[in-house]
Amino acid sequence: VRVLVKVGGALLDAPATQEPLAGQIAALARQAELVVVHGGGRQLTRHLSERGVQSRFVQGLRVTTPEVLDAVLHVLTGINQHFVAALNRAGARAVGLSGMDGRLVEAQPLDAALGSVGRVTHVDPALLHSLLGAGFLPVIACLAGDRAGRFYNVNADQLAAACAVAFQAEQLIFLTDVEGVLDAQGARLPQLTLAQSEALITAGTIHGGMLAKLRAAREALRGGVRQVRITAAFAAPGTLLAA
Ligand SMILES: Nc1ncnc2c1ncn2[C@@H]1O[C@H](COP(=O)(O)OP(=O)(O)OP(=O)(O)O)[C@@H](O)[C@H]1O
Ligand SMILES: [Mg+2]
């Protein structure tokens, strides 16, 4: 079975969550053909604010000036390598990548007003298949490239969905900092059709990061992924792969 797990940046922000998560993911990598994608929004906002740069968002996307792009590269590479280290400690043979590596994820500017925010135009899963075939666990930071060697900051959920489609994953699992999609009363919705999720978006019940996630989930399902799950990292220990 092929699975793509997207890990929210917040889960990688402290050893207390990162270490057990690495154990779970390393275990899953022994059962499935697994690819990991991660974000790092929280760390990036902190990094920038420590340097006196205010983060600006348009519809949940971070306006990416050259200065912000430089920070994105630094921060995501650091998060990526620390997570690779934790996965290796847990027994995996993890390899840290960005979409630039092997022309894995290509992008073009989404909107001039957003700077270097990328829209994914193409995913070439060849590198993933090579690594998986040789027993490695690919761990992808949410950066894309283009043929001219420019980097793009891509929303991690969008990048995960695009990779899941290209890699023909059967399952896409979003691990995040909430227990799932919550209704207007704050109760977790155990199951959601595409139509129901559209209705919740229209009603304004879903916003911010969850909006980006549900849009990415829709793209993945349209692209042939059979099932998308949105869950807290440790909602059901050891059952990441539940049907
Ligand atoms: N209806 C909703 N149900 C659940 N979460 C919601 C809802 N509406 C908005 N949210 C917000 O979406 C957030 C999850 O998205 P967020 O982008 O913050 O995390 P992530 O995608 O896991 O991490 P990263 O962006 O670093 O990759 C929740 O913490 C919550 O604040
Ligand atoms: Mg997010």
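Residues numbered from 1 in each chain as written. Chains lettered and ligands numbered in written order. Predicted model: local features only at pLDDT ≥ 70, side-chain atom pairs only at ≥ 80, totals over all residues. Heavy atoms only, no water.

Tallying secondary structure elements over the chain gives seven helices and twelve strands in all. For 243 residues, the compact-globule estimate of 2.2 N^0.38 gives 18 Å, and the C-alpha radius of gyration of the chain, at 17 Å, lies within 12% of that figure. In terms of its C-alpha atoms, the chain occupies a principal-axis envelope of roughly 45 × 40 × 35 Å. Residues classed as buried in the chain amount to 47% of the 243 residues present. Entry remark: accessible area of the chain is about 11300 Å², with carbon and sulfur atoms responsible for 52%. The centroid of the 21 positive side-chain charges in the chain is displaced by 2 Å from the centroid of its 18 negative side-chain charges. (Helix = DSSP H or I, 4+ residues; strand = E, 2+ residues; numbered from the N terminus. Rg over C-alpha atoms; globule rule 2.2 N^0.38 Å. Buried < 20%, exposed > 50% of the residue type's maximum accessible area, 1.4 Å probe, protein only. Areas by Shrake-Rupley, 256 points an atom, 1.4 Å probe, with all protein chains shown as cover. Lys, Arg positive; Asp, Glu negative; His and termini not counted. Charge placed at Lys NZ, Arg CZ, Asp CG, Glu CD.)

On to the site of ligand 1, then. Surrounding ligand 1, one finds 20 residues, the nearest of these being Lys6, Thr176, Asp177, Leu182 and Lys213. Between ligand 1 and leucine 182 there is a distance of 2.9 Å, counted from a nitrogen atom to a backbone nitrogen or oxygen. With the chains in place, 76% of the 640 Å² that ligand 1 exposes on its own is no longer accessible. Where the shell around ligand 1 is concerned, the elements lending two or more residues are strand 11 (171-176) and helix 7 (208-222). (Near = heavy atom within 4 Å. Polar contact = N/O pair within 3.5 Å; in protein donor to acceptor, adjacent residues only side chain to side chain.)

Time to look at the packing of aromatic side chains. Throughout the structure, instances matching the rule amount to zero aromatic pairs. In this structure, arginine 93 packs its charged tip against the face of phenylalanine 136, placed 4.3 Å from the ring centre. (Phe/Tyr/Trp six-rings, centres within 6.5 Å; stacked < 30°, edge-to-face > 60°. Lys NZ or Arg CZ within 6 Å of the ring centre and 35° of its normal.)

Of note, glutamate 33 is situated in strand 2 (residues 33-38). With relative accessibility at 32%, the residue glutamate 33 sits in the partly exposed group. When the C-alpha positions of glutamate 33 and valine 1 are compared, they lie 6.1 Å apart, and in sequence the two are 32 residues distant. Side chain to side chain, glutamate 33 and arginine 2 meet in a polar contact 3.3 Å long.

Moving on to helix 7. If you check helix 7, its first and last C-alpha atoms are 22 Å apart, about what 15 residues at 1.5 Å a residue would give, namely 21 Å. Of the positions making up helix 7, those classed as buried are Met210, Lys213, Leu214, Ala216, Ala217, Arg218 and Ala220. For helix 7, the elements touching its buried residues are strand 1 (2-7), helix 5 (156-166), strand 11, helix 6 (194-202) and strand 12 (227-232). Glycine 224 occupies a position one or two residues after helix 7 and carries a positive phi of about 110 degrees. (Expected span 1.5 Å × (residues − 1). Contact = heavy atoms within 4.5 Å.)

Two elements in contact, helix 1 (residues 15-31) and helix 3 (residues 66-89), have axes whose closest approach is 8 Å; the angle formed by their N-to-C orientations is 60 degrees. Put simply, helix 1 runs oblique to helix 3. The element helix 1 and its partner helix 3 pack so that their crossing is right-handed. For the pair helix 1 and helix 3, contact is made by Gln18, Glu19, Leu21, Ala22, Ile25 and Ala26 and by His82, Phe83, Ala86, Leu87 and Arg89, respectively. For the contact of helix 1 with helix 3, the per-class residue count stands at seven nonpolar, two polar and two charged. (Axes fitted to C-alpha atoms, helices over the stretch in contact; angles between N-to-C directions. Parallel < 35°, antiparallel > 145°, perpendicular 65-115°, else oblique. Left-handed = near helix turned anticlockwise from the far one by under 90°. Nonpolar A, V, L, I, M, F, W, Y, C, P; charged D, E, K, R; others polar.)

Counting buried positions over the six residues of strand 1 gives five, a clear majority of the element. Pairing of strand 1 with strand 2 involves six bridges; the strand directions are parallel. Bridging across to strand 2, valine 3 finds its partner in leucine 34. The parallel pair strand 1 and strand 2, bridged by helix 1, forms a crossover whose chirality is right-handed. As paired elements, strand 1 and strand 11 share five bridges and run parallel to each other. Bridge pairing in strand 11 links leucine 4 to leucine 172. (Pairing = 2+ DSSP bridges. Right-handed = clockwise from strand over helix to strand, strands pointing away.)

Before going further, it helps to spend a moment on the side chain of aspartate 146. Relative to the helices and strands, aspartate 146 is located in the loop between strand 9 (143-145) and strand 10 (151-153). Only 2.8 Å separates the side chain of aspartate 146 from the side chain of arginine 150, close enough to count as a polar contact. Sequence-distant contacts of aspartate 146, that is, excluding residues within four places in its chain, are made with Ala107 and Tyr152.

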